[in-house]
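Single-letter residue listing:
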Amino acid sequence: MTPQLLVNGLVAGTTIGLGAIGLSLTYSILRFANFTQGDLIAWGAYLTLTVASAIAGLLAGLAPATPLAPFSFGWTLPVALLAGMALTVLLALALDAVLFARLRARGADAIILVMAGFGASMALRAGLEFIYTSAPAYFTHELQIARPLGLGMRATPDQLLVLGLTAVLVLALHLLVTRTATGRAMRAVSENPALAAVYGLDVARVVRVTWIIGAGLACVAGVMSGLLVQIRPTMGFDLLLPLFAATILGGIGSIPGAMVGGLVIGLSEALAVQLLGAEWRAAAAFVVLVAVLILRPSGLFGRGA
Amino acid sequence: MELLAYAAFFLTVAMTYATICLGLNVQWGQTGLFNVGVAAFVGLGAYVSAILTTPEAPGRLGGLGLPIAAGWVGAALAGGVLALLVGALTIRLRSDYLAIATFGVAVALQLVFQNAEPLTGGAFGIGFIPRPFGGLQRQALPFAALNLALTVALVLILYLALERLAQSPWGRALRAVREDETAAESLGKSPLRLRLEAFVLGGMVMALAGAVQAHFIGFIAPANYLPALTFQVWAMLILGGSGNNRGAILGAVVVWAIWAATAALIAHLVPAGEQARASSLQLVAIGVILCAVLLWRPQGLLPERRAVPRHLGRP
């Protein structure tokens with residue numbers, strides 16, 4: 001394991017971890033494996049890109065689009081990210097209202113919700129291909145030089161920003177869930193929704209908050225991945241297996257667990273690329289998933305499957 | 001003449017999809033196991049049969065040149081083994097772990113199809129797969145008609161066998177496990193074992209269907225076994241009516257007809273540069289159909305027939 005592999009794995013792992021936190025929360029609170037989480041990531045990236053291009057188009061000629069040194073993007077991207085997050089949340093809430101909430105109200109089995117999400121994921125992904133075509137898109141065409149970090153490791157400023165932003169987000173979210181009334185309500189609903197409702201908790205609000213957090217993080221993950229790699233309609237679907245592997249490895253419902261799981265998957269992918277070649281990258285998540293299912297199906301921080 | 005040959009071709013492909021649906025129906029319709037890796041089972045069957053039956057080729061392992069029937073048997077066995085492994089790993093766990101694991105298997109096998117070049121031919125796939133009645137290939141109509149007869153016979157045999165099995169004590173125990181696991185267990189049935197048996201049986205049928213399809217087309221490549229195939233087959237089964245074998249066959253024919261018709265429309269009406277884009281709308285439609293049926297007609301076109309008189313069953 002070279003030190004550089006560590007950097008590559010951690011950077012890729014943060015995207016997976018952020019997406020997995022959203023998946024883990026919906027999994028534990030809404031009680032189903034949400035196959036649309038990957039496509040929310042891709043939609044988040046495209047929605048942010050659309051807003052960023054719109055801002056750039058409106059301001060053309062007024063303000064030169066200079067990158068915010070030392071990063072590769074200008075101030076439009078952070079602004080567009082906030083708008084993109086709001087739009088992704090709206091998309092997730094709309095999907096819940098049209099599809100999942102109706103099935104829940106009918107008392108459908110969890111597996112029917114899984115299947116509905118599976119169908120919706122196909123529609124969402126193909127919809128992106130229709131609107132934006134399958135050609136890759138980019139937030140920026142600026143080139144960045146990787147700077148030495150010591151010990152033979154190098155990283156671009158963008159990559160370091162992604163690592164830092166992820167750490168802040170995970171910490172904030174962890175405090176929200178463990179220290180606030182909203183967080184307590186979320187944990188109560190995840191333990192026992194019927195009891196939580198009897199106790200007077202607003203279960204519908206908890207469901208809403210869960211989607212807001214899950215979709216918001218999905219958008220951030222999509223923009224990060226789009227910034228560091230590229231934006232493609234299948235980018236989210238390709239992340240889905242790593243997301244599930246990270247969620248189960250971390251233990252369903254555990255926020256630190258999902259992040260740790262994401263980093264482990266990111267590192268194993270980097271290792272697979274080095275040992276076997278880039279074409280086998282996606283196999284790493286599968287191997288981790290099988291190992292977890294054999295050794296510890298409840299995950300590292302889980303409460304039991 | 002040409003139209004007749006095309007109709008036979010269309011129906012033959014529809015019959016191969018119907019076979020996949022029959023296999024999936026054993027897993028989902030009869031047992032409630034959600035398999036998200038349909039493409040993996042179909043693809044495995046296709047590749048195993050192709051490797052067993054194709055003539056020797058330089059630089060590629062396999063090419064054993066066995067008869068087609070041996071390829072079919074090998075494919076079904078391989079599908080059974082894959083299902084046994086995945087099932088043994090996940091059926092004891094919560095129900096959606098099977099979905100996630102089968103999804104992972106589909107991703108992993110797709111990588112193998114793509115990258116294990118000495119075995120699978122990589123992105124170019126495997127060609128020269130022997131076709132049933134291949135001696136008649138130059139006479140379009142008899143060739144098409146005989147192949148259609150073969151696949152119809154296969155679907156018919158599988159249909160009768162699976163119906164028989166569903167009526168058997170095994171099939172009744174399976175439905176009992178699906179409806180009320182605790183009650184079935186208290187009667188001495190082992191839910192884990194029954195589920196695993198059903199999953200293996202379904203996997204065998206799907207892999208067999210993959211082999212039949214590969215031999216009919218004569219050529220396979222990794223792109224045939226993308227997740228889109230899994231979505232198509234699920235739309236077929238859910239639309240047709242899960243739990244009902246006739247629904248599974250009907251759904252396969254209907255969805256394949258819609259798919260083929262819209263594909264033809266796109267090819268004729270849409271300019272070449274925009275065709276890829278237009279066909280992504282087909283996939284949107286597949287996803288929407290799946291969700292719409294789940295919302296408004298979860299029982300599908302042909303609902304499952306109740307094995308117990310209505311007044312005895314649950315409301």
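These figures come from a predicted structure and were not determined experimentally. (Residues numbered from 1 in each chain as written. Chains lettered and ligands numbered in written order. Predicted model: local features only at pLDDT ≥ 70, side-chain atom pairs only at ≥ 80, totals over all residues. Heavy atoms only, no water.)

**Q** What should I look at first to understand the overall build of chain B in this one?
**A** When you go through chain B residue by residue, the secondary structure sums to 12 helices and zero strands. Secondary structure elements in chain B, listed N-terminal to C-terminal, are α-α-α-α-α-α-α-α-α-α-α-α. Over its C-alpha atoms chain B spans a radius of gyration of 20 Å, differing by no more than 12% from the 20 Å that the globule rule assigns to 315 residues. Expressed along its principal axes, the backbone C-alpha trace of chain B runs to roughly 60 × 45 × 35 Å. Among the 315 residues that make up chain B, the fraction classed as buried is 54%. In the form shown here, chain B has an accessible surface area of approximately 13800 Å², with 70% of it arising from carbon and sulfur atoms. Side chains of chain B carry 19 positive and 12 negative charges; the gap between the two charge centres is 7 Å. (Helix = DSSP H or I, 4+ residues; strand = E, 2+ residues; numbered from the N terminus. Rg over C-alpha atoms; globule rule 2.2 N^0.38 Å. Buried < 20%, exposed > 50% of the residue type's maximum accessible area, 1.4 Å probe, protein only. Areas by Shrake-Rupley, 256 points an atom, 1.4 Å probe, with all protein chains shown as cover. Lys, Arg positive; Asp, Glu negative; His and termini not counted. Charge placed at Lys NZ, Arg CZ, Asp CG, Glu CD.)

**Q** I'm lost on the overall build of chain A in this one. Help?
**A** Scanning chain A from terminus to terminus reveals 11 helices and two strands. For chain A, the N- to C-terminal ordering of α and β elements is α-α-α-α-β-β-α-α-α-α-α-α-α. Counting across all 305 residues of chain A, residues that qualify as buried make up 53%. Sequence separation of 24 or more characterises 79% of the internal contacts of chain A that already satisfy a separation of 6 or more. Within the structure as shown, chain A displays about 12700 Å² of accessible surface, and the carbon and sulfur contribution to it stands at 69%. Where the 16 positive side-chain charges of chain A centre and where its 11 negative ones centre are 10 Å apart. (Contact = heavy atoms within 4.5 Å.)

**Q** Help me out: how do you make sense of helix α11 (residues 283-295) of chain A in this one?
**A** Two residues of an α-helix separated by three or four positions point the same way, owing to the 3.6 residues in each turn. An ideal rise of 1.5 Å per residue puts 18 Å on 13 residues; α11 of chain A measures up with 18 Å between its terminal C-alpha atoms. Buried residues of α11 of chain A: Ala283, Ala284, Ala285, Phe286, Val288, Leu289, Val292 and Leu293 of chain A, and no others. Packing partners of the buried residues in α11 of chain A comprise α9 (235-250) and α10 (255-276) of chain A together with α3 (68-90) and α4 (95-115) of chain B. (Expected span 1.5 Å × (residues − 1).)

**Q** Explain unusual backbone geometry to me, please; I cannot follow it from the model alone.
**A** Trans peptide bonds make up most of the peptide bonds, and negative phi angles are found at most residues other than glycine. Notably, Arg31 of chain A is not glycine yet its phi reads approximately 65 degrees, a positive angle. Classification of Arg31 of chain A as partly exposed rests on a relative accessible area of 34%. Phi is positive for Phe128 of chain B, close to 55 degrees, though the residue is something other than glycine. Considering the arrangement of structural elements, one finds Phe128 of chain B in the loop between α5 (117-120) and α6 (140-167).

**Q** Help me understand the pattern of salt bridges in this model?
**A** Residues and elements named next belong to chain B. Tallied over the full model, the rule gives nine salt bridges over all chains. Measuring nitrogen to oxygen at the nearest pair gives 3.2 Å for the salt bridge that ties Glu304 to Arg178. Here Arg178 lies in helix α7 (residues 169-179) and Glu304 lies in the segment after α12 (275-296), a separation of 126 residues in the sequence. Note that Glu274 is salt-bridged to Arg277, the shortest N-O span being 3.7 Å. (Salt bridge = Lys/Arg side-chain N within 4 Å of Asp/Glu carboxyl O.)

**Q** Looking at this model, I keep getting lost on the UniProt feature "transmembrane region" (unreviewed entry) in chain A. Mind explaining?
**A** Residue and element names in this part refer to chain A. What UniProt calls "transmembrane region" (unreviewed entry) maps, in this numbering, to residues 6-28, 40-63, 75-99, 111-139, 159-177, 209-231, 243-268 and 280-299. Span residues 75-99 is 96% helix and 0% strand, its end C-alpha atoms 36 Å apart. Segment residues 280-299 splits into 65% helix and 0% strand. End C-alpha atoms: 24 Å apart. (UniProt positions renumbered as here; feature names shortened; annotations may be inferred.)

**Q** Which parts of the structure should I look at to understand the packing of helix α2 (residues 38-53) of chain B against α4 of chain B?
**A** A pair of packed helices is characterised by two quantities: the angle between their axes and the separation of those axes. Residues and elements named next belong to chain B. Interaxial distance between α2 and α4 falls to 9 Å at its minimum, and their mutual angle equals 30 degrees. As judged from the angle between their axes, α2 and α4 are roughly parallel. Considering the relative orientation of α2 and α4, their crossing is left-handed. Of α4, the residues touching α2 (which contributes Ala40, Gly43, Leu44 and Tyr47) are Val105, Ala106, Leu109 and Phe113. Of the residues contributing to the contact of α2 with α4, the split by class is seven nonpolar, one polar and no charged. (Axes fitted to C-alpha atoms, helices over the stretch in contact; angles between N-to-C directions. Parallel < 35°, antiparallel > 145°, perpendicular 65-115°, else oblique. Left-handed = near helix turned anticlockwise from the far one by under 90°. Nonpolar A, V, L, I, M, F, W, Y, C, P; charged D, E, K, R; others polar.)

**Q** Would you take a moment to explain α9 of chain A for this structure?
**A** Residues and elements named next belong to chain A. Between its first and last C-alpha atoms α9 spans 22 Å; for 16 residues at 1.5 Å apiece the expected length is 22 Å, and the two agree. Approximately 35 degrees is the largest bend angle found in α9, and it occurs at Leu241, with the proline Pro242 only one to four residues beyond. With 15 of its 16 residues buried, α9 lies for the most part within the structure. Looking one or two residues beyond α9, the residue adopting positive phi is Gly251, at roughly 100 degrees. (Bend = angle between axes of the 7 residues up to and from the residue.)

**Q** Honestly, a nonpolar patch on the surface in this entry has me stumped. Any pointers?
**A** Residues and elements named next belong to chain A. Where nonpolar side chains cluster on the molecular surface, the patch consists of Val260, Val264, Leu300 and Phe301 and spans about 310 Å² of accessible area. Considering the arrangement of structural elements, one finds Val260 in helix α10. Look at Val260 and you get partly exposed, because its relative accessible area is 32%. (Patch = residues over 30% accessible without salt bridge, like charges linked within 9 Å, V, L, I, M, F, W, Y side chains within 5 Å.)

**Q** Just checking my understanding: could you explain the interface of chain B and chain A for this structure?
**A** By a frequent convention, interface size equals the accessible area lost on bringing the separate parts together. With 41 residues of chain B in contact, the opposing surface of chain A contributes 43 residues. Summing both partners gives a buried area of about 3800 Å² for chain B against chain A, and 82% of it is carried by carbon and sulfur. Among the residues chain B hides against chain A, the three largest losses belong to Ile100, Phe103 and Phe231 of chain B. Together they make up 17% of the total. On inspection of chain B and its partner chain A, the count reaches zero salt bridges. At the surface where chain B touches chain A, the tally comes to nine residue pairs in polar contact (both at pLDDT 80 or more). Those elements giving two or more residues to the side of chain B that touches chain A turn out to be α3, α4, α10 (227-240) and α12 of chain B. It is α4 of chain B that provides the largest number of residues to the side of chain B that touches chain A, a total of 14 residues. Class assignment of the residues belonging to the side of chain B that touches chain A gives a composition of 30 nonpolar, seven polar and four charged. (Buried area = accessible area lost by both parts, 1.4 Å probe. Polar contact = N/O pair within 3.5 Å; in protein donor to acceptor, adjacent residues only side chain to side chain.)

**Q** How should the nonpolar core be read in this particular structure?
**A** Where a protein is soluble and globular, its nonpolar side chains tend to be buried together. Of all hydrophobic cores here, the largest spans 184 residues; its most connected members are Ile21 of chain A together with Phe34 and Trp234 of chain B. A per-element tally of this core places helix α8 (residues 203-228) of chain A first, with 14 residues. (Core = buried A, V, L, I, M, F, W, Y, C linked by side-chain atoms within 4.5 Å.)

**Q** Would you mind going over the environment of Leu263 of chain A with me for this structure?
**A** Residues and elements named next belong to chain A. In this fold, Leu263 is placed in helix α10. Leu263 gets classed as partly exposed once you look at its relative accessible area, which sits at 24%. With 246 residues separating them along the chain, Leu263 and Gly17 place their C-alpha atoms 6.4 Å apart. Those residues in contact with Leu263 that lie beyond four places of it in its chain are Gly9, Leu10, Gly13 and Thr14.

**Q** Quick question: what am I supposed to make of the side chain of Ser268 of chain A here?
**A** All names here are of chain A. Here Ser268 lies in helix α10. Residue class for Ser268 comes out buried when judged on its relative accessible area of 18%. In terms of polar contacts, Ser268 uses its side chain to reach the backbone carbonyl oxygen of Val264, at 2.5 Å. The residues touching Ser268, leaving out its near neighbours within four places in the chain, are Ala284 and Val288.

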